[in-house]
Amino acid sequence: MNLMKSPSSVLPSPTESTDSIKKYLGQAGNDLINSFPDGAQLSSSQRRGIIARYTAVLEGNFIYWMTGAYMAVRTDEARNIIMENLHEEVRDCHPGMMRRFARAAHACPEASDAEAVNANLTNVRLFIGQMKPAPLVAMMAFFENFIMRFMPILEDYAARQGSKENEYTQVHGVCDVKHSEELYQALEAEIVAADDPREVEEYLYEGVHLLRALIGDMAAGAR
Ligand SMILES: [Fe+2]
């Protein structure tokens, strides 16, 4: 049985306007959020799989990717915003928080979970290594926004697995709206500073599309 809602296949074209960029990213985020089924419709094993694949991606990669963004950006504004984000991640040990969340839901990633996301995860890692400033910040802004909106769904899946641990989901939920908004500011600064117009006109969403495919893998086992 296919429990996935179909994502809309037609998205607005990229433009240089920040508002339309936010609109584009918001629409892509809506489609992704809608691709995760209601927890009550899933089996215990399907819920475990989603939590495990999410953990396999987030635990060891978020800080690495944000560090890549820090190394790539050209403006002080973006650099300061990203450093503040990194500082919080490291100081408060967010990977440890993620691990506690997965353990409490009996959903620590296994080899098969890592394998399920491997190809698209590799694509995102290679993209990060290209250090394209605005496209990289666009991807991280999209990621933060997705994470924030996904938290109630993730928390519900974990609760249905018997977990009472919700520090990770609470810290990254709506109270994290500041990080998401600030990354959009960082993106705006990097768009203004772009010296190659192709960075904005041609491949601004390259990382967003790669990340979207990877997040699709997280939901995929529920199909
Ligand atoms: Fe975090």
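Every chain begins its residue count from 1, and numbering advances along the sequence as written. The model is predicted, so local features are restricted to residues of pLDDT at least 70 and side-chain atom pairs to those at 80 or more, both for listing and for counting; the totals for chains, interfaces and linings are taken over all residues.

## Description of the overall build of the chain
- Assigned secondary structure in the chain consists of ten helices and zero strands.
- By the criteria applied, helices consist of DSSP H or I runs no shorter than four residues and strands consist of E runs no shorter than two, each listed in order from the N terminus. Going from the N terminus to the C terminus, the chain shows its helices and strands as α-α-α-α-α-α-α-α-α-α.
- Radius of gyration here is computed from C-alpha atoms only, and the compact-globule reference equals 2.2 Å multiplied by the residue count raised to the power 0.38. For 223 residues, the compact-globule estimate of 2.2 N^0.38 gives 17 Å, and the C-alpha radius of gyration of the chain, at 17 Å, lies within 12% of that figure.
- In terms of overall dimensions, the chain has C-alpha extents of about 50 × 40 × 30 Å along its principal axes.
- To sort residues by exposure, count the other C-beta atoms lying within 10 Å of each residue's C-beta; 20 or more gives buried, 12 or fewer gives exposed, and values between give partly exposed, all with C-beta atoms placed from the backbone. Residues counted as buried form 42% of the 223 residues belonging to the chain.
- Note on contacts: residues are paired as contacts if their backbone-placed C-beta atoms lie within 7 Å. Long-range contacts, defined here as pairs at least 24 residues apart, represent 87% of the contacts in the chain between residues at least 6 apart.

## Concerning the confidence of the model for the chain
- Confidence in the prediction of the chain, expressed as mean pLDDT, is 91, and 91% of residues score 70 or more.
- Below a pLDDT of 50 lies the segment residues 1–16, which in the model reaches 28 contacts outside its immediate sequence neighbourhood of four places, other chains included. What pLDDT reports is the predictor's confidence in each residue, on a scale of 0 through 100.

## Section: the nonpolar core
- Of all hydrophobic cores here, the largest spans 65 residues; its most connected members are I51, V137, A138, M140 and F142.
- Sorting the residues of this core by element identifies α1 (18–34), α2 (44–72), α3 (76–91), α4 (94–104), α5 (111–129), α6 (133–160), α8 (177–193) and α10 (206–220) as the ones contributing at least two each.
- Residue contacts for V137: discarding those within four places in its chain leaves A69, V73, A78, L183, A186, L187 and E190. Connectivity within a nonpolar core runs through C-beta atoms within 7 Å, and the core itself is a set of buried Ala, Val, Leu, Ile, Met, Phe, Trp, Tyr and Cys residues.

## Some points on the packing of α6 against α10
- As a packed pair, α6 and α10 sit with axes 7 Å apart at the nearest point and diverge in direction by 35 degrees. The handedness of the crossing between α6 and α10 is right-handed. Residues P135, L136, A138, M139, F142, F143 and F146 of α6 lie in contact with α10, whose contacting residues are E206, G207, V208, L211 and I215. To define axes, lines are fitted to C-alpha atoms, for helices over the stretch in contact only, and angles between the resulting N-to-C directions are given on a 0 to 180 degree scale. Less than a right angle of anticlockwise turn of the near helix away from the far helix marks a crossing as left-handed, whereas a clockwise turn marks it as right-handed.

## A word on unusual backbone geometry
- Within the chain, C93 stands out as a residue other than glycine whose phi angle is a positive 50 degrees.
- Tracing the chain through its elements places C93 in the loop between α3 and α4.
- A positive phi is found at M131, a non-glycine position, where the angle reads about 55 degrees.
- In this fold, M131 is placed in the loop between α5 and α6.
- A tally of 13 C-beta atoms within 10 Å means that M131 is categorised as partly exposed.

## Structural notes on α1
- Each residue after the first adds 1.5 Å to the expected span of a helix. For α1, spanning 17 residues, the distance from its first C-alpha to its last is 24 Å, which sits close to the expected 24 Å at 1.5 Å a residue.
- Of all the residues in α1, the buried ones are I21, Y24, L25, A28, G29 and L32. Along the axis of α1, the buried residues cluster in a sector spanning 130 degrees; they form a single face.
- The inward-facing, buried residues of α1 abut α6 and α10. What the arc covers is the set of directions going from the helix axis to the C-beta atoms.

## Quick look at α4
- All of the buried residues along α4 are F101, A102 and A104. Each buried residue of α4 sits inside an arc of 165 degrees when the element is viewed along its axis, so together they form one side.
- Packing partners of the buried residues in α4 comprise α2, α6 and α7 (167–171).
- Looking one or two places after α4, you find H106, whose phi comes out positive at around 55 degrees.

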